[in-house]
Amino acid sequence: MSSEKADLGNGKPPMRDALVAAAFQLFLERGYEQTTVDDIVALAGVGRRSFFRYFPSKEDVVFPDHERCLADMTAFLTEGSDDDEPVRRVCDAARLVLRMYAENPTFSVQRYRLTKQVPGLRAYELSVVWRYERALAEYLRRRFAVRRDGTLQADVIAAAVVAAHNNALRSWLRSDGQDEASATVDHALAYVQSAFGEAPAAVADPQPEDVVVVVSRRGAPLWRVVQEIESTLGRPEGPHI
């Protein structure tokens, strides 16, 4: 049985979560630069090997969920069909990132504040954002392979999706996670959809029915009225009773 499964069996948080919690407690108390990996593992009550089993570096413990989210996004794009409207599909993929942040607003806000304070973390975050953008662009390149300037369109749209998503996400984080995250992101992504997406196929309006007005003499027999209507519509006269 793995140590993480054992923790779950004992009612303890998984070791990975315990390491993240310990790291952020120290970051908030001491500052990021003043906190070492040894400090983190000491507070979490584990060894250094346990830390590096989950996180290649101290920077990675600040972004513990991005690898999973990137994998989920890639799978979501791969599982799409050719019937999916491409721009709508990548906008929906971006919403998976929002869902990751919204799952734990307190942690997301803490990370946002920490990242703003530490230049090295901002650079790390940019590299993460680039990986999301690349995943979106690769999907669009496949979908636009037969288009003229398909690669250019794919890269521009992917960048626009990321920019719109991040603009809305930062707005939500600045509100300390109090605003409605999904509505803010939906509003931002709607700009991308309207600018680059394909409009739904219009349903043709049914042809208006002909309206025929026939003036007939009062008391005229019915067959004469029918004859006048058929004549007006240009139909050949048939036998009448």
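The shown structure was predicted, so the numbers you read here are calculated from the model rather than taken from an experiment.

Further remarks concern the side chain of His165. Assignment of secondary structure puts His165 in helix 10 (residues 150-174). Every residue in contact with His165, bar those within four places of it in the chain, is listed here: Ala94, Val97, Leu98, Val185 and Leu189.

Both the distance between ring centres and the angle between the ring planes are used here to describe each pair of aromatic rings. Applying the stated criterion across every chain, the model contains 7 aromatic pairs. Pairing Phe24 with Phe27 gives two aromatic rings, centres 5.6 Å apart and planes at 65°, and the pair type is edge-to-face. Highlighted residues: Phe24 and Phe27, both in helix 2 (residues 15-30), separated by 3 residues, approximately one helical turn. For Phe24, a relative accessible area of 4% puts it in the buried group. Judged by centre distance (5.0 Å) and plane angle (15°), the ring pair of Phe63 and Tyr124 falls under stacked. Remark: Tyr124 occurs in helix 9 (residues 119-143) and Phe63 occurs in the loop between helix 5 (58-62) and helix 6 (66-78); sequence separation between them is 61 residues. For Tyr124, a relative accessible area of 21% gives the class partly exposed. Taken together, the ring pairs in this structure connect Phe24, Phe27, Tyr32 and Phe107 into an aromatic cluster. A cation over an aromatic ring shows up here: Arg147 above the ring of Phe144, its NZ or CZ 3.8 Å from the ring centre.

Another aspect to go through is the environment of Arg131. For Arg131, the position within the fold is in helix 9. Of the residues examined, Arg131 reaches a relative accessible area of 30% and is grouped as partly exposed. For Arg131 and His66, which are 65 residues apart along the polypeptide, the C-alpha to C-alpha distance reads 9.9 Å. The contact partners of Arg131, leaving out residues within four places of it in the chain, are Glu67 and Leu70. A distance of 2.6 Å separates polar atoms of two side chains, one belonging to Arg131 and the other to Glu67.

A cluster of nonpolar side chains, Leu152, Val156 and Phe196, forms an exposed patch at the surface whose accessible area comes to about 260 Å². Within the secondary structure, Phe196 is located in helix 11 (residues 181-196).

Take the nonpolar core next. Counting 39 residues, the largest nonpolar core has Met73, Tyr132, Leu136, Leu140 and Val161 as its most contacted members. Taken together, the elements giving at least two residues each to this core come down to helix 6, helix 7 (86-103), helix 8 (105-117), helix 9, helix 10 and helix 11. Of all hydrophobic cores here, the second largest spans 22 residues; its members include Met15, Phe55, Val62 and Phe107.

Bringing the confidence of the model for the protein chain into the picture now. Here the protein chain shows a mean pLDDT of 84. Residues at 70 or above account for 77%. Taking the mean pLDDT of every element in the protein chain, the minimum, 46, falls on helix 1 (residues 3-9) and the maximum, 96, on helix 3 (residues 37-44). Note that pLDDT drops below 50 for residues 1-11; the model gives that stretch 13 contacts with residues more than four away or on any other chain. Across residues 236-241, confidence stays below pLDDT 50; counting only partners more than four residues off in sequence or on other chains, it has 9 contacts.

On to helix 3, then. Given 3.6 residues per turn, any residue in an α-helix points the same way as the ones three and four places further on. Among the residues making up helix 3, those that are buried are Val37, Ile40 and Val41. For helix 3, the buried positions fall inside an angular range of 90° around the axis, keeping them on one side. Buried positions along helix 3 lie against helix 2, helix 4 (48-54) and helix 5. Just downstream of helix 3, Gly45 is the residue with a positive phi angle, here 75°.

Calculation rules
Residues numbered from 1 in each chain as written. Predicted model: local features only at pLDDT ≥ 70, side-chain atom pairs only at ≥ 80, totals over all residues. Heavy atoms only, no water. Helix = DSSP H or I, 4+ residues; strand = E, 2+ residues; numbered from the N terminus. Contact = heavy atoms within 4.5 Å. Phe/Tyr/Trp six-rings, centres within 6.5 Å; stacked < 30°, edge-to-face > 60°. Buried < 20%, exposed > 50% of the residue type's maximum accessible area, 1.4 Å probe, protein only. Lys NZ or Arg CZ within 6 Å of the ring centre and 35° of its normal. Polar contact = N/O pair within 3.5 Å; in protein donor to acceptor, adjacent residues only side chain to side chain. Patch = residues over 30% accessible without salt bridge, like charges linked within 9 Å, V, L, I, M, F, W, Y side chains within 5 Å. Areas by Shrake-Rupley, 256 points an atom, 1.4 Å probe, with all protein chains shown as cover. Salt bridge = Lys/Arg side-chain N within 4 Å of Asp/Glu carboxyl O. Core = buried A, V, L, I, M, F, W, Y, C linked by side-chain atoms within 4.5 Å. pLDDT = per-residue confidence, 0-100. Arc of directions from axis to C-beta.

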